[in-house]
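Here's the letter readout for the chains.
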Amino acid sequence: MPRESFVHLRGRRFAYLDFAGPGPVLLALHGHFGRSRIFAPLAAALAGRYRVVALDQRGHGRSDNGGEFTPDAYVEDAAAFLRALDVAPAAVLGHSMGGAIAYLLARDHPRLVSALVVADMTVLNREPETHPVLDVSAWPRRSASREALGRAIEARGIPDAGYFLDSAVEFDDGWGLLFDAADMMSSQRALTGDFSAAWAASAQPALLLRAERSFILGAATARRMASERPRTKLVEVPDCGHWLYADAPEEFARHTGAFLDRVHPDPHR
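Quick notes on the rules
Going along each chain's sequence as written, the residues are numbered from 1 onward. Only residues with pLDDT of at least 70 are given local features in this predicted model, and only at 80 or more are side-chain atom pairs given and counted; all residues enter the totals for whole chains, interfaces and linings. The basis for every side-chain value is the complete set of non-hydrogen atoms in the structure, without hydrogens or water. Put simply, DSSP H or I for four residues or longer makes a helix, DSSP E for two residues or longer makes a strand, and each gets a number counted from the N terminus. Salt bridges are defined as contacts in which a side-chain nitrogen from Lys or Arg sits within 4 Å of a carboxyl oxygen from Asp or Glu.

K.L.:
I'd like a description of the environment of Ala-197, backed by residues and values.
P.N.:
Position of Ala-197 relative to the elements: it lies in helix H7 (residues 196–199). Sequence separation between Ala-197 and Tyr-50 is 147 residues, and the spatial gap between their C-alpha atoms is 30 Å.

Encoded structure:
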């Protein structure tokens, strides 16, 4: 795991992890409640072939909380980040909410994006395709320990708090989550809707990964997304749920790497 780095963009401080190494850059964008370090296994699997750079998006991880949480704000953050690191055009991978930001970035800033990997994100982020808003407004602000925080989250109907505990840290007054509940409620609501037109409005080669047991991306919607956008390949990853990078890390990395190899062929490989 590289040391966390920080950059100021658009009046806000952002944290990111640069896994370094040779090869083309892959910008990795996490989903709601996540943070950049979830992509460490992917970066390790692609080491020596691709340089994974993972951003803590606004209001997540060690990046600044507060402010505006619209899809456009996330997109402009990512665009500013690619320019600041001077790594564009780059392949962009996004999981869940990060997947939506990735394809919106490809539409709005096509010269910054060479290819897309969208991991388990729908264009129909609304009922009945999915439940687009997880109510975290009553989640505990602090708990006595990381374990107690996990139990308190699970007591509010979450079967396994592990994903959320990636954002758990110890503050002066106890254990809490790095993200602000009000920010996350605002962000989720702003991302609700039908993004079909936005998805189809870019032309970069794309890989759409669907988890077999996804509660976000239905099989029929995934097939439609692949058919309506040119140069898009659909792959269903078996025996895993929405967090496919954790449930099936080897398959996730294999499909991502194989796609990137096709998009960025290396004559020495």
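Next comes the rest of the description.
K.L.:
Help me get a handle on the pattern of salt bridges, residues and values and all.
P.N.:
Counted by the stated rule, this structure contains 12 salt bridges. For Glu-251, the salt bridge identified is with Arg-254, shortest N-O distance 2.8 Å. Linking Glu-251 with Arg-254, this pair stays in helix H10 (residues 249–263), spanning three residues, or about one helical turn. Taken together, the shared-partner salt bridges connect Arg-10, Arg-58 and Asp-77 into one network.

K.L.:
Can you explain unusual backbone geometry? Please cite residues and give values.
P.N.:
Cis rather than trans, the peptide bond between Ala-88 and Pro-89 has omega equal to 0 degrees. Position of Pro-89 relative to the elements: it lies in the loop between helix H2 (71–85) and strand E5 (90–95). Backbone torsion omega between Glu-127 and Pro-128 reads 0 degrees, so that peptide bond is classified as cis. Tracing the backbone through its elements, the reader meets Pro-128 in the loop between strand E7 (124–125) and helix H4 (146–154). The backbone of Asp-86 sits at a positive phi, close to 55 degrees, despite the residue not being glycine. Note on placement: Asp-86 falls in the loop between H2 and E5.

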